[in-house]
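# What the coordinates show
Here are the chains, one letter per residue:
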Amino acid sequence: MTQVTAERLKILRGKIYELMELYPSYQAALLPSFFAAEEIFGFISPEAIGEISNVTGVPAAEIRGVASFYAMYKTKPMGRHIIQLCTNVSCMIEGAYSLVEYLKEKYGLTPGGTTPDGRFSLVIMECIGACGTAPAMILDTDSYENLTKDRLDTLLESYK
Amino acid sequence: MDERIILRNTEDPHNASIAGYMAYGGYKALEQAVGEMTPRDIIDEIKSSGLRGRGGAGFPTGMKWQFASLDPKFPKYLVCNADEGEPGTFKDRPILEHNPHLLIEGMIISAYALQSTRGYIYLRGEYPHAKRILERAIEEALASGYLGNDILSKHFRFNLTVHSGAGAYICGEETALLDSLEGRRGLPRLKPPFPVNSGLWGKPTIVNNVETFANIPYIVSQGAKAYASIGVKDCPGPKLFSVSGRVNKPGVYELPMGISLREIIYTHCGGIKGGGALKGVIPGGISTPIIAPENIDCPMDFVHLPKYGSMLGSGAVMVFDDTVCIVRVYERAMKFFEHESCGKCTPCREGTAWMRAILGRIERGDASERDLETLQDVAENVTGKTFCPLGDGAAGVLLAAMKTYREEFEYHIKNKRCKVQ
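Scope of this entry: the structure provided in the associated data block. (Residues numbered from 1 in each chain as written. Chains lettered and ligands numbered in written order. Predicted model: local features only at pLDDT ≥ 70, side-chain atom pairs only at ≥ 80, totals over all residues. Heavy atoms only, no water.)

One frequent convention defines the size of an interface as the accessible area lost when the parts assemble. Each partner contributes residues to the interface: chain A has 39 residues there, and chain B has 55 residues. Approximately 3,600 Å² of surface area, both sides summed, lies buried where chain A meets chain B, with 58% of it carried by carbon and sulfur atoms. Applying the counting criterion to the chain A and chain B interface returns four salt bridges. In this structure, Arg 246 of chain B engages Glu 94 of chain A in a salt bridge whose closest nitrogen and oxygen atoms are separated by 3.3 Å. Our count for the chain A to chain B interface comes out at 21 residue pairs in polar contact (both at pLDDT 80 or more). For the side of chain A that touches chain B, the secondary structure elements donating two or more residues are helix H2 (30–41), helix H4 (60–69) and helix H5 (89–93) of chain A. In terms of residue count, the dominant contributor to the side of chain A that touches chain B is H4 of chain A (five residues). (Contact = heavy atoms within 4.5 Å. Buried area = accessible area lost by both parts, 1.4 Å probe. Salt bridge = Lys/Arg side-chain N within 4 Å of Asp/Glu carboxyl O. Polar contact = N/O pair within 3.5 Å; in protein donor to acceptor, adjacent residues only side chain to side chain. Helix = DSSP H or I, 4+ residues; strand = E, 2+ residues; numbered from the N terminus.)

Quick look at the structure:
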């Protein structure tokens, strides 16, 4: 989690103004602004919501309502690295749930949780479009496919 | 079909760059369209080609374009639906990651035909790699004069933006997608009015799937007749099939529309993994009814599959062998539908949760025979009573599975364990 400072809020403000140029309505800049807030603060912090509301004119309550509708937004502080593991049908039949068990055993990581050292958070996903190379996950913004316990182990060790 | 149209050159890593794409004749169709054809000519050509939308509904593309072009309101918006959130579907991914300029060229030609000046690619948030590739491709197209304010010096203006979704399956439904693009919760809208007349910000809007746009350059450069000679009469053209599950060679295949499931599984995908017996196939993504092994000779297209009690959907083939428990598959599928129900209408919001809860009991071995009756009853009562196809699809696929694999559901209840494991 990155500290909220006036300087970082200013960066976010500049980004929101840029995004608003791309659409005929200010509200349309909300979804990309959330991604910008996550990039700057690690999650959509209350201060970021306030800033997005100030710039776009959309009430903060509505902004919270929009952000909470979408599964991928981080509305609370998360670990340094986010594991988004798919367990939908194709991944399930290729063993995704055994990987969920393994993460629990080895890292004490449960779905929706974060490791005590703040290194990893685990999010269970509803299909990430890698069904032909199942099981699969997105780690931060990188996609990994054909996972096995060993491969998962090796991969996670490269994310400190 | 010997020649690949949509996946052409995708094995070449340079194909994602504009130089690589142009080396294979890329953007020639756009030059031909803008230089030699009127917008009306293009719409007529698309209509004659018989192209049907590749997102799942199979609506005739040319007709959709004509409706939007006849609407006198301006501006007109062009939206590419790159959400593909249906479990089993990953057919658009090779286009987005390895052939982005084919999509962009298709969209620019469409924009010219519709006199649209603004376009958005609504890309699912789960494809961060594709976002980087698309954004770079858009910059390259701008620098080369194929996008921007004076395309090919013809006073034709079109600008394109990639807009990321954030993990909501419902946003693949075109009206929910539009709500999401406008910066709101992605809830489906009441139709009519249809987006072609009242879409983004109330203006005429064309929403087409990635694969649909990817067909456009070929139709313009080779003509409707050449295109219509591929596939079957009522559903011409090539089709991308994304195959997953228990086959030896899963992946994305470009094959003529109307090919049989048997040919896809046994000729192209190398048959069943481990040599097991085929148990069932979902032909078009998780929201299309399952097909029993005795029906795998069915032609894969929008016309024939309904005769076998299923649908082509997005062409996402999911193959199950005899090691797969059907009850477990549908419990997991229902968990997905429950999670992804937008909550706007009660039958879907409550029905999917109820069906998931009963399926959970059956799968755990805690269910009674009465539960099976209740499950059937709930599913029948959700069918036809939901605002958009999500709830309807969830109930429909479950009913089809309960009909074909009834004995397996009953086994779970009676023996309090799975028949397979």
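We now examine the sheet that holds strand S1 (residues 77–82) of chain B. Residues and elements named next belong to chain B. Spatial strand order, S3-S4-S2-S1-S5: five strands in an open sheet with mixed pairing. Among the strands making up the open sheet, the edge pair consists of strand S3 (148–151) and strand S5 (205–209). Averaged over neighbouring strand pairs, the angle between their axes works out to 25° when direction is ignored. Alignment of S3 against strand S4 (residues 156–164), held across two bridges, turns out to be antiparallel. Among the inter-strand pairings, Ile 151 is bridged to a residue of S4, identified as Phe 156. (Pairing = 2+ DSSP bridges. Axes fitted to C-alpha atoms, helices over the stretch in contact; angles between N-to-C directions.)

It is worth spelling out the packing of aromatic side chains at this point. All chains considered together, the criterion is met by 15 aromatic pairs over all chains. Here the aromatic rings of Phe 34 of chain A and Tyr 73 of chain A are separated by 5.0 Å at their centres, their planes lie at 80°, and the arrangement is edge-to-face. Placement of Phe 34 of chain A in helix H2 and of Tyr 73 of chain A in the loop between H4 and strand S1 (81–86) is noted, with a sequence separation of 39 residues between them. Here Phe 34 of chain A matches Tyr 73 of chain A in class, with each residue buried. Ring geometry for Tyr 144 of chain A versus Tyr 159 of chain A: centroids 6.4 Å apart, planes at 90°, classification edge-to-face. On the criterion of sequence distance, the pair formed by Tyr 144 of chain A in strand S4 (residues 142–144) and Tyr 159 of chain A in the segment after helix H7 (149–157) is long-range, its members being 15 residues apart. Residue class for Tyr 159 of chain A comes out buried when judged on its relative accessible area of 11%. An aromatic cluster of at least three residues, connected via ring pairs, comprises Phe 34, Phe 35, Phe 69, Tyr 70 and Tyr 73 of chain A. The ring of Phe 241 of chain B carries Lys 239 of chain B above its face, with NZ or CZ at 5.9 Å from the centroid. (Phe/Tyr/Trp six-rings, centres within 6.5 Å; stacked < 30°, edge-to-face > 60°. Buried < 20%, exposed > 50% of the residue type's maximum accessible area, 1.4 Å probe, protein only. Lys NZ or Arg CZ within 6 Å of the ring centre and 35° of its normal.)

It is worth spelling out the packing of H2 of chain A against helix H3 (residues 46–56) of chain A at this point. Residue and element names in this part refer to chain A. Put simply, H2 and H3 touch, their axes get as near as 10 Å, and they point 140° apart. By the criterion of interaxial angle, the relationship of H2 to H3 is oblique. Between H2 and H3 lies a crossing whose hand is right-handed. Across from Leu 30, Ser 33, Phe 34, Ala 37 and Phe 41 in H2, the residues of H3 making contact are Ala 48, Ile 52 and Thr 56. Of the residues contributing to the contact of H2 with H3, the split by class is six nonpolar, two polar and no charged. (Parallel < 35°, antiparallel > 145°, perpendicular 65-115°, else oblique. Left-handed = near helix turned anticlockwise from the far one by under 90°. Nonpolar A, V, L, I, M, F, W, Y, C, P; charged D, E, K, R; others polar.)

All names here are of chain B. Across the eight residues that make up strand S6 (residues 238–245), a large majority, eight, are buried. Burial of the side chains of S6 extends over both faces: Pro 238, Leu 240, Ser 242 and Ser 244 are buried on one face and Lys 239, Phe 241, Val 243 and Gly 245 on the other. Where S6 and strand S7 (residues 251–256) come together, six bridges link them in antiparallel fashion. Pairing of Leu 240 across the sheet is with Glu 254, part of S7. Taken together, S6 and the strand that follows it, S7, pair antiparallel across an intervening segment of five residues.

The next thing to look at is the pattern of salt bridges. All names here are of chain B. Scanning the model with the defined rule gives 38 salt bridges over all chains in all. Here Glu 211 ties to Arg 54 by a salt bridge, and the two come within 3.7 Å at their closest N and O atoms. Taken together, the residues Glu 211 in helix H9 (residues 210–222) and Arg 54 in the loop between helix H3 (39–49) and helix H4 (61–70) connect sequence positions 157 residues apart. Judged by relative accessible area, which is 0%, Arg 54 ranks as buried. Here Arg 364 and Asp 366 are joined by a salt bridge, their closest N and O atoms 3.2 Å apart. Judged by its relative accessible area of 56%, Arg 364 falls in the exposed class. What makes Asp 366 partly exposed here is its relative accessible area of 48%. Put simply, Arg 54, Lys 91, Asp 92, Glu 211 and Lys 239 are held in one network by salt bridges that share partners.

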